[in-house]
Structures are given as C-alpha cells and as structure tokens.
Amino acid sequence: MATKGGERHHFISKDSLSKAGFNTNTAPAIRMIYKDHLKTPNWGSGTSQKAFRAEELKLLNAGKYEKLLKMEVNGFKTAPDSEGIYSNLADKYYDSLIYALYLAEKYFGIDG
C-alpha cells in the first residue's frame, strides 16, 4: 500500500505478526496520518505499547484471532483523534477498519 503522505499502520503490529511467524507483507494495514498513527496502542516503545504487543503475540500464538481483532478495534476506540474532529480513531477510520477486519478474517482463515 502506498502511504500517499501518511503512514501504513498494520492492523495487528508487524512486530507481533513477525514473531508469530506470519507474513507481514500480506497482513492487513490501513493508511493513517502520522499523528494518528502515534496514538494507536501498538505503535511505539513505551511500556503500554510493549504490553499491547505482548498480548497480540499471546493471542496470535493461541490462535485466538477473533479476540485479537476485538482488542485491536477496542484500541482504536480508546485512541483520540489527533485533530480533535472525531471522538476516537475508530470513528475517524471507520471504513478502513471495516475493510481491515474483512481482510484480517481472510488472512487468519476465520469463517464469517
């Protein structure tokens, strides 16, 4: 995906996917503005971001993909819009999240 002035955000962090043995080149991602990308719960090197990625990895390794996807969406619901226009990133990127969820279900082989 071309970033077109924004950033590519792997719906499930590239780090966790890679550690669990998944191909990160075909993993679902969305395009975001940089300041919003910083607000996502799996971006960065802070304690809470590391804990979030550790939980991602735990769920990936356990094959609990649906629980993982819910956690990712909830993370967007609690992340503020950097521009202050929307109440959270889930509202701002709603269409992209729906498509990422669809792709993630295919990626993980979840029958919908």
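Residues numbered from 1 in each chain as written. Predicted model: local features only at pLDDT ≥ 70, side-chain atom pairs only at ≥ 80, totals over all residues. Heavy atoms only, no water.

Participant: Which parts of the structure should I look at to understand the nonpolar core?
Facilitator: Nonpolar side chains in soluble globular proteins tend to end up buried together. Ile12 and Phe108 are the most contacted members of the largest nonpolar core, which has 24 residues in total. Every element with two or more residues in this core is listed here: strand 2 (29-32), helix 3 (47-62), helix 4 (65-78), helix 5 (89-92) and helix 6 (94-108). Broken down by element, the residue count for this core peaks at 6 residues, all from helix 4. (Core = buried A, V, L, I, M, F, W, Y, C linked by side-chain atoms within 4.5 Å. Buried < 20%, exposed > 50% of the residue type's maximum accessible area, 1.4 Å probe, protein only. Helix = DSSP H or I, 4+ residues; strand = E, 2+ residues; numbered from the N terminus.)

Participant: Which parts of the structure should I look at to understand the pattern of salt bridges?
Facilitator: Charged atoms that come close allow side chains of opposite charge to pair. Applying the stated criterion to the full structure yields 5 salt bridges. Between Asp81 and Lys92 there is a salt bridge, with the nearest N and O atoms lying 2.6 Å from each other. Highlighted residues: Asp81 in the loop between helix 4 and helix 5 and Lys92 in helix 5, separated in sequence by 11 residues. Grouping residues by exposure puts Asp81 and Lys92 together as buried. Put simply, Asp36, Asp81, Glu83 and Lys92 are held in one network by salt bridges that share partners. (Salt bridge = Lys/Arg side-chain N within 4 Å of Asp/Glu carboxyl O.)

Participant: Looking at this structure, I do not really get helix 6. What am I missing?
Facilitator: Since one α-helical turn is 3.6 residues long, residues separated by three or four positions face the same way. For helix 6, which comprises 15 residues, the first-to-last C-alpha distance of 21 Å matches the rise-based estimate of 21 Å (1.5 Å per residue) to within 8%. Residues Leu97, Ala100, Ala104 and Phe108 constitute the buried set of helix 6. Down the axis of helix 6, the smallest arc covering the buried residues is 60°, so these residues share one side. The exposed set on the far side of helix 6, more than 90 degrees from its buried face, consists of Asp95, Tyr99 and Lys106. Contact partners of the buried residues in helix 6: helix 1 (14-19), strand 2, helix 3, helix 4 and helix 5. (Expected span 1.5 Å × (residues − 1). Arc of directions from axis to C-beta. Contact = heavy atoms within 4.5 Å.)

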